[in-house]
Amino acid sequence: QLEVDSIKINTLKAHVYSDGGIWEMQTFDDSTYKNLLFADGFWVAGFDTNTNTLHQSAQTYRQGGLDFVPGPVSNDPNATTNWDKVYRVNLQTLTNFKNGNLQSIPQEITDWPAHGDTTMGEAYYLAPFVDVNNDGQYVPSDGDYPKIKGDEAIYTIFNDINGRTSGNGLGVEVHSMVYGYKSGGVEDSILFREYRVINRSNTDYSDVYLGILADFDLGNPLDDVTGTEISANSIYAYNADGDDEGPVGFGQNVPACGMRMLQGPPAPLFDGLDNDKDGCIDGVRNANGVCISENPANGIREQILLSGSMYYNNTFGYQGNPNVPLDYYNYLQSKWINGNNLIIESPSGFGSVQNGDGYVANNIGTSIPYFYPGDSFDTTGTYEPSATTNWYESPANQHDKRCLANAGPFSINAGQQFTIATAY
């Protein structure tokens, strides 16, 4: 049983496990909390550049064990137990501490995981902190305190070295911060998340894909449908009809929930693609909207933002739950388990039961990397579709679905790190 804590801010509440996964994100509706998301998880897979071996780690529901375990990469045999912790920090507490309004140092400040045990092979610098006297050490009695985003945050550290369900891990360490704001505006309906991914192994990986698994459950989970908004780098779920019935449903105040990718992994240098969909090929736009070319020397690097999305059903078969590493890798590439492409099938418009489910047995048709894009498309033409397709999910396709927001391919060398940011 992993440690779990909750972030509860404005209209949203979510439980966060010590292995980084969210469980039951809810929103306050009609005097009670109702579900938006059942669970989420972090996926990453790629090939060892020396042996061309596939390495994969993918957190789902922990039913067969853990691909990711709590804590940093460590030589300590007890690390998973020692690091089975969730670190929740409130901005008001930090403000009171900085202003000298507290008689003692709060536990959430003293427990902050700023440093690892270097004698056990752990990195010295872990969770970010404000170093008041700039001595490089986290010492709350000197006035040092956690550096967080938002008005409340939950921080977790996890890795794929010690926990495996199948295949080979990559040796990555992931730092996750889930946070929210009390703004009185639209931010009150948003839960932000940031992943810092560090390759702690001695291996370089190529053709890497990552994905964020989102199992949307909107109130009554039996009448949800899903889609992708390509231009917004978002996947989402909404009610299939005008009534979310049942005791856990939202009634006629029908729900919707989306997950947007705000920051992605580094794109391959000079690959000739507009990976972040800003109209600037092999470059980024500055604050003035000017396209600046990629330059490894000064760190200007294009990101990959939602290069694909995929769904699968809680069933068996080619559209069902993944079991072996190649299954996960196929889903990260917007392919079915048997390697078939995701295909625009019978696009018939919003709300039509004539829309196909994207699986075509003979694999013939127009393949795209995004499930149910509706009429959204990539205006830069980097990814298909590059024009409206009118392909939505059929309201009759009411399986228990899991969705993936994907980014790739890219490379991650030994010691390299990058940041992924999302918003629910």
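Now for a look at the structure at hand. Predicted model only: the values in this text are computed from it and were never measured.

Section: the overall build of the protein
So, point 1. In terms of regular secondary structure, the protein is built from four helices and 21 strands.
So, point 2. A globule of 424 residues ought to have a C-alpha radius of gyration of about 22 Å, and the protein, at 22 Å, matches this closely.
So, point 3. In terms of principal-axis extent, the alpha carbons of the protein reach across some 65 × 55 × 50 Å.
So, point 4. Counting contacts in the protein only where the partners sit at least 6 residues apart, residues at least 24 apart contribute 63% of the total.
So, point 5. Taken as a whole, the protein presents about 17500 Å² of accessible surface, with 47% of it coming from carbon and sulfur.
So, point 6. A distance of 4 Å separates the average location of the 21 positive side-chain charges in the protein from that of its 52 negative side-chain charges.

Things to note about the state of the cysteines
So, point 1. Overall, the coordinates contain one disulfide when judged by the stated rule.
So, point 2. Through a disulfide, C280 is tied to C291; the S-S separation comes to 1.8 Å. Residues C280 and C291 are joined through a disulfide that is right-handed, its torsion about the S-S bond being 65°. Taken together, the residues span a long stretch of sequence, with C280 in the loop between β16 (256–263) and β17 (283–285) and C291 in strand β18 (residues 291–293) at a distance of 11 residues.
So, point 3. On the basis of relative accessibility, which here comes to 36%, the residue C291 falls in the partly exposed class.
So, point 4. This cysteine, C257, is not joined by any disulfide, and C403 carries the nearest cysteine sulfur, 10 Å off.
So, point 5. Residue C257 is classed as buried on the basis of its relative accessible area of 8%.

Let's talk about the pattern of salt bridges
So, point 1. If you walk through the whole model with that rule in mind, you get eight salt bridges.
So, point 2. For E393, the salt bridge identified is with K401, shortest N-O distance 3.3 Å. Summarising the burial analysis for this pair, E393 and K401 share the class buried.

Re the nonpolar core
So, point 1. Ranked by size, the top nonpolar core spans 74 residues in total, and within it M25, W43, L191, F216 and Y424 carry the most contacts.
So, point 2. Each residue touching L191, except ones within four places of it in the same chain, is listed here: I7, I9, L12, A14, M25, V178, Y179, T422, A423 and Y424.
So, point 3. Core analysis: the next-biggest nonpolar cluster, separate from the first, contains 23 residues, V89, L94, I157 and M177 among them.

Quick notes on the packing of aromatic side chains
So, point 1. According to the stated counting rule, one finds 29 aromatic pairs in the structure shown.
So, point 2. Seen from their ring centres, Y124 and Y125 are 4.8 Å apart, and the 75° between their planes marks the pair as edge-to-face.
So, point 3. What links up through ring pairs into an aromatic cluster is the set Y311, Y318, W336, Y359, F371, Y372 and W391.
So, point 4. Residue placement shows K13 over the ring face of Y33; its charged tip is 4.3 Å from the ring centre.
So, point 5. Of note, R62 hangs over the ring of Y17, and the distance from its end group to the ring centre comes to 4.2 Å.

Focus: helix α4 (residues 325–332)
So, point 1. The element α4 is largely enclosed, with a buried count of seven among its eight residues.
So, point 2. Buried within α4 are the following residues: P325, D327, Y328, Y329, N330, Y331 and L332.
So, point 3. Those residues of α4 that are buried are in contact with β4 (32–48), β5 (54–58), β13 (205–216), β19 (308–313) and β20 (401–412).
So, point 4. The first or second residue beyond α4 is S334, which carries a positive phi of 60°.

Description of the pairing of strand β7 (residues 87–90)
So, point 1. On β7, burial follows the alternation: Y87 and V89 on one face are buried, whereas R88 and N90 on the facing-out side are not.
So, point 2. Note: β7 against strand β10 (residues 152–159), four bridges, orientation antiparallel. Of the residues in β10, the one forming a bridge with R88 is I154.

A word on the pairing of strand β21 (residues 417–423)
So, point 1. Counting buried positions along β21 yields five of seven residues, so the element is predominantly enclosed.
So, point 2. Judged from the three bridges that link them, β16 and β21 form a sheet pairing that is antiparallel. In the sheet register, Q263 faces β21, and the bridge partner there is A421.

Some points on unusual backbone geometry
So, point 1. Between E384 and P385 the backbone carries a cis peptide bond, its omega angle lying at 0°.
So, point 2. With respect to the helices and strands, the residue P385 is situated in the loop between α4 and β20.
So, point 3. The omega torsion of the bond from G408 to P409 falls at 0°, within 30 degrees of zero and hence cis.
So, point 4. Along the chain, P409 falls in strand β20.
So, point 5. If you check the backbone angles, N52 has positive phi at about 60° while not being a glycine.

Concerning the side chain of T422
So, point 1. With respect to the helices, strands and loops of the structure, T422 is situated in strand β21.
So, point 2. Sequence-distant contacts of T422, defined by excluding residues within four places in its chain, comprise L191, F192, R193, I212, M259, R260, M261 and L262.

Brief notes about the environment of N323
So, point 1. Mapped onto the fold, N323 is located in the loop between β19 and α4.
So, point 2. The exposure class assigned to N323 is exposed, which follows from its relative accessible area of 56%.
So, point 3. Linking N323 and I337, residues 14 residues apart in sequence, is a C-alpha distance of 9.3 Å.
So, point 4. One polar contact links the side chain of N323 to the main-chain carbonyl oxygen of N321, over a distance of 3.4 Å.

What counts as what
- Residues numbered from 1 in each chain as written.
- Predicted model: local features only at pLDDT ≥ 70, side-chain atom pairs only at ≥ 80, totals over all residues.
- Heavy atoms only, no water.
- Helix = DSSP H or I, 4+ residues; strand = E, 2+ residues; numbered from the N terminus.
- Rg over C-alpha atoms; globule rule 2.2 N^0.38 Å.
- Contact = heavy atoms within 4.5 Å.
- Areas by Shrake-Rupley, 256 points an atom, 1.4 Å probe, with all protein chains shown as cover.
- Lys, Arg positive; Asp, Glu negative; His and termini not counted.
- Charge placed at Lys NZ, Arg CZ, Asp CG, Glu CD.
- Disulfide = S-S within 2.5 Å.
- Buried < 20%, exposed > 50% of the residue type's maximum accessible area, 1.4 Å probe, protein only.
- Salt bridge = Lys/Arg side-chain N within 4 Å of Asp/Glu carboxyl O.
- Core = buried A, V, L, I, M, F, W, Y, C linked by side-chain atoms within 4.5 Å.
- Phe/Tyr/Trp six-rings, centres within 6.5 Å; stacked < 30°, edge-to-face > 60°.
- Lys NZ or Arg CZ within 6 Å of the ring centre and 35° of its normal.
- Pairing = 2+ DSSP bridges.
- Polar contact = N/O pair within 3.5 Å; in protein donor to acceptor, adjacent residues only side chain to side chain.

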